[in-house]
Amino acid sequence: MSNGQTEPTRSPRAWHEREAAMRFRTWLRTDAAPRWIMAGLLVIGALLRLTNLNWDEFTHIHPDERHLTMVTAAMNLPSSLRQFFDSSQSPMNPYNIGYDFFVYGTLPLFIVRIVAEFAQKFNEFAQIWQSSPGIPIMMTGYDGVHLVGRFMSGLFDLGVVWLVYVIGRRLHNVRVGLLAAVFYTFAVLALQQSHFYTVDTFATFFAALTFYCAVRVAQGADPARRSGWATYVALGASLGASLACRINLVPMAVIALLATGIRAWDEYAAARAAGGGERPQGWTSTLLQATLFRLTLMVIMAGIIFRVLQPYTFGGSSLLSFSLSDGFRSSMRTIGHIIRGDADQPPMHQWANRTAYVFPWVNMVVWGMGIPLGLTAWAGWAIALVQIVRGLTVRPAPEAVKAHLLPVAWIGGMFLYHSMQFSYTMRYYLPIYPMLALLAAWLLFELSRPTTWSSLRRALCPRSSIFHLPSSMRAAPSSTFNLQPVTIKPGYALIALVTVATMLWGWGFLAIYRRPMTRIAASRWIYENVPQG
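These numbers were taken from a predicted model, which means no experiment stands behind them.

**What to know about the environment of Arg175**
Point 1. Examined against the element boundaries, Arg175 turns out to sit in helix α7 (residues 174-185).
Point 2. Given the relative accessible area of 42%, Arg175 is considered partly exposed.
Point 3. Not counting residues within four places of it along the chain, the set of residues in contact with Arg175 comprises Phe445 and Tyr492.

Set out below in structure tokens:
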């Protein structure tokens, strides 16, 4: 070297490690990288959700799952579509087969029963699933259909992982989408619900699908992302399917309307910009007519899908009957009294003397997501809300407003809607978990931006850096490794911390399903050690 010093050399191992790291970074920038990462994540998600399904060994400990199991096992496929839509005759109508009180959506039950029919025929031939040697499980019966239901529950929740990624990619970028998908893959409540046959993962999937369609509608005025009337049809169809899983997802309709409003405003602003800031003559009337036409398409499609997939909400003997059935009205009255706390039911005693809003929030943060992810997600929601308010008032920022408005409205609205009830059942909040995971990922990547920490460093310590070691503490160049000055990147460290903690939180919870259930283990011990009589 010109200053008389010899150039440091690297060991062959150090050179290979550096070269491998550079190749990996180059690969991460390719279009194929996100697809391979998501493929691997889906495999991991499937292993977490679709294994150890018979963890309770046919004991049916979940009362709601047991109820759905009994209803699904009692169902029979109709002989014709006419019989299927005849509310008084259909063998798939819970009110016709001895279950006068039924408040869940029927779409998940239809899916599980149809899949169970195929699984039963396959098992009769292959005898893969057996209750004892040589005795196959009846997959449409009480001790088999819940296993089919659990498998489908996990499969639909796996679909949510993919939807979280595509929503995050569309609202922000690929990195945010991937990290959000990782968070949801390991979210504790999602893993728990995937091991039960309830309607919640089905409902969350269709709610996330509705949200994705709403995002496409909201971004449809962008020339690079333009979408036509078919997107509104898809939005209406997914909304109808959501309601056919859980009727209490009706607030999703507000998100659909909000997305339509964003699209209409963007189209109006684009027309004014094209006209030099002047309102084009006749454009407002044309825009209103186009918006009403799209809304009409959406509402009609939502109504059709709901009518087909939740047919026993209505009475009558044909698809064109729209009067509410007696069984549905009676069930809605009963469940209304229960969730308001007007009816004295043993399962509702647990909600007495609970602090509204605080109790469900703490449950969500501590148990539903884990403290690191829970706090990050809600911090992301709060900061996104501030950006919306500032973007609409103090400092116009239309891009930030459009990126955050739908997730913030959905999370805040659904949380308030359920938290003002008497009961705070955790799984009712599952449909907002995907968007909470998205806001957590967005916030962490915002904090990883160099400008964020540079501003914070200047504010906290204007004369020196708290993130770089001083020169006196930096290692001198080595003749072997050529050590570089140590630079701490707190943003990426925080991403790693929250990600690893969330993974460990979810994996730790799954120990419940990897080992014998405590009551079964205790019962076996009693039989083995306590004398009869």
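After that view, the rundown keeps rolling.
**Some points on the packing of aromatic side chains**
Two measures describe an aromatic ring pair: the distance that separates the ring centres and the angle between the ring planes.
Point 1. For the structure on display, the rule yields 23 aromatic pairs.
Point 2. With centroids separated by 6.1 Å and ring planes inclined at 85°, the aromatic side chains of Phe110 and Tyr312 adopt a geometry described as edge-to-face. One end of the pair, Phe110, is in helix α5 (residues 107-126); the other, Tyr312, is in the loop between α12 (283-309) and α13 (326-339), with 202 residues separating them in the sequence.
Point 3. Here Phe415 and Tyr429 contribute two aromatic rings whose centre-to-centre distance is 5.7 Å and whose plane-to-plane angle is 50°, an arrangement assigned as tilted.

**Some remarks on the pattern of salt bridges**
Point 1. Taken as a whole, this structure holds 14 salt bridges when the rule is applied.
Point 2. Asp56 is the partner of Arg150 in a salt bridge, and the nearest nitrogen-oxygen pair spans 3.0 Å. One end of the pair, Arg150, is in helix α6 (residues 145-171); the other, Asp56, is in the loop between α2 (32-49) and α3 (63-74), with 94 residues separating them in the sequence.
Point 3. Judged by relative accessible area, which is 0%, Arg150 ranks as buried.
Point 4. A residue is classified by how much of its surface remains accessible, and Asp56, at 0% relative accessible area, is buried.

**As for the layout of surface pockets**
Point 1. In this structure, the largest pocket spans a volume of roughly 1,600 Å³.
Point 2. Every residue lining the largest pocket is counted, 50 residues in all, and those nearest its centre are His62, Asp64, Thr425, Arg427 and Tyr428.
Point 3. Looking at the lining of the largest pocket, the elements with two or more residues in it are α3, α8 (188-194), α13, α14 (358-369), α16 (398-419), α20 (511-514) and α21 (518-529).
Point 4. Its residues placed into classes, the lining of the largest pocket shows 29 nonpolar, 15 polar and six charged.
Point 5. Computed from the structure, the second largest pocket encloses a volume of approximately 580 Å³.
Point 6. Every residue lining the second largest pocket is counted, 16 residues in all, and those nearest its centre are Leu28, Ile37, Arg175, Leu178 and Phe445.
Point 7. Ranked by residues supplied to the lining of the second largest pocket, first place goes to α7 with five residues.
Point 8. Class assignment for the residues of the lining of the second largest pocket results in 13 nonpolar, no polar and three charged.

**A word on the environment of Leu50**
Point 1. Its location among the elements puts Leu50 in the loop between α2 and α3.
Point 2. Setting aside chain neighbours within four positions, we find Leu50 in contact with Phe151, Gly154 and Leu155.

**Quick notes on unusual backbone geometry**
Point 1. Positioned with a positive phi, Asn52 is a non-glycine residue whose angle comes to about 55°.
Point 2. Secondary-structure assignment places Asn52 in the loop between α2 and α3.

**What about a positive patch on the surface?**
Point 1. A cluster of basic side chains, namely Arg18, Arg25, Arg29 and Lys489, defines a positive patch on the protein surface.
Point 2. Within the secondary structure, Arg29 is located in the loop between α1 (12-28) and α2.
Point 3. Note on Arg29: relative accessible area 66%, which makes it exposed.

**What about the packing of α16 against helix α17 (residues 433-447)?**
Point 1. For the pair α16 and α17, the least separation of the axes is 10 Å and the interaxial angle reads 130°. Accordingly, the angle class assigned to the pair α16 and α17 is oblique. Note on packing geometry: the crossing formed by α16 with α17 is left-handed. Contacts between α16 and α17 involve His404, Pro407, Val408, Trp410 and Ile411 from the first element and Met435, Leu436, Leu438, Leu439 and Trp442 from the second.
Point 2. Of the residues belonging to the contact of α16 with α17, the class tally is nine nonpolar, one polar and no charged.

**As for the nonpolar core**
Point 1. Core analysis: the largest hydrophobic core is formed by 129 residues, its most contacted members being Phe211 and Ile432.
Point 2. Not counting chain neighbours up to four residues away, the residues in contact with Ile432 comprise Met364, Trp410, Ile411, Met414 and Phe415.

**Re a nonpolar patch on the surface**
Point 1. Taken together, Val358, Trp361, Val362, Ile371, Leu375 and Trp505 make up a surface patch of nonpolar side chains, about 480 Å² in accessible area.
Point 2. Secondary-structure elements contributing two or more residues to the nonpolar patch are α14 and α15 (371-392).
Point 3. Top element by residues in the nonpolar patch is α14. It accounts for three residues.
Point 4. As for its placement among the helices and strands, Ile371 is situated in helix α15.
Point 5. Of the residues examined, Ile371 reaches a relative accessible area of 37% and is grouped as partly exposed.

**Some remarks on empty space enclosed by the protein**
Point 1. The full count for this structure, using the stated rule, is three cavities of 30 Å³ or more.
Point 2. Looking at the largest cavity, its volume works out to about 60 Å³.
Point 3. Looking at the largest cavity, the residues that line it are Asn93, Pro94, Tyr95, Phe102, Val103, Tyr104, Thr106, Gln310, Tyr312, Thr313, Phe328 and Met332.
Point 4. Each residue belonging to the lining of the largest cavity can be placed in one class, and the counts come to eight nonpolar, four polar and no charged.

**Details of the packing of α6 against helix α9 (residues 200-218)**
Point 1. Where α6 meets α9, the axes come as close as 8 Å, and the angle between the chain directions of the two elements is 20°. One way to sum up the angle between α6 and α9 is to call them roughly parallel. Helix-helix and strand crossings are classified by hand; for α6 and α9 the assignment is left-handed. Residues Gly149, Met152, Ser153, Phe156, Asp157, Gly159, Val160, Leu163, Val166, Ile167, Arg170 and Leu171 of α6 pack against Thr201, Phe202, Thr204, Phe205, Phe206, Ala208, Leu209, Phe211, Tyr212, Val215 and Arg216 of α9.
Point 2. Grouping the amino acids of the contact of α6 with α9 by side-chain chemistry returns 15 nonpolar, five polar and three charged.

**A short note on the confidence of the model for the protein**
Point 1. Across the protein, the average pLDDT comes to 87, with 88% of residues at or above 70.
Point 2. Every residue in residues 463-487 scores below 50 in pLDDT, and together they form 30 contacts with partners more than four places removed in sequence or on other chains.

**Considering helix α19 (residues 490-509)**
Point 1. Taking 1.5 Å of rise per residue, the 20 residues of α19 would be expected to cover 28 Å, and the 28 Å separating its terminal C-alpha atoms lies within 8% of that figure.
Point 2. Among all positions of α19, only Pro490, Gly491, Ile495, Val498, Thr499, Ala501, Thr502, Gly506 and Phe509 are buried.

What counts, and at which threshold
- Residues numbered from 1 in each chain as written.
- Predicted model: local features only at pLDDT ≥ 70, side-chain atom pairs only at ≥ 80, totals over all residues.
- Heavy atoms only, no water.
- Helix = DSSP H or I, 4+ residues; strand = E, 2+ residues; numbered from the N terminus.
- Buried < 20%, exposed > 50% of the residue type's maximum accessible area, 1.4 Å probe, protein only.
- Contact = heavy atoms within 4.5 Å.
- Phe/Tyr/Trp six-rings, centres within 6.5 Å; stacked < 30°, edge-to-face > 60°.
- Salt bridge = Lys/Arg side-chain N within 4 Å of Asp/Glu carboxyl O.
- 1 Å grid on protein atoms, 1.4 Å probe; cavity = no way out; pocket = protein on both sides within 12 Å on 5 of 7 lines; lining within 4 Å.
- Points joined across faces, edges and corners; volume = space filled by probe spheres on them.
- Nonpolar A, V, L, I, M, F, W, Y, C, P; charged D, E, K, R; others polar.
- Patch = residues over 30% accessible without salt bridge, like charges linked within 9 Å, V, L, I, M, F, W, Y side chains within 5 Å.
- Areas by Shrake-Rupley, 256 points an atom, 1.4 Å probe, with all protein chains shown as cover.
- Lys, Arg positive; Asp, Glu negative; His and termini not counted.
- Charge placed at Lys NZ, Arg CZ, Asp CG, Glu CD.
- Axes fitted to C-alpha atoms, helices over the stretch in contact; angles between N-to-C directions.
- Parallel < 35°, antiparallel > 145°, perpendicular 65-115°, else oblique.
- Left-handed = near helix turned anticlockwise from the far one by under 90°.
- Core = buried A, V, L, I, M, F, W, Y, C linked by side-chain atoms within 4.5 Å.
- pLDDT = per-residue confidence, 0-100.
- Expected span 1.5 Å × (residues − 1).

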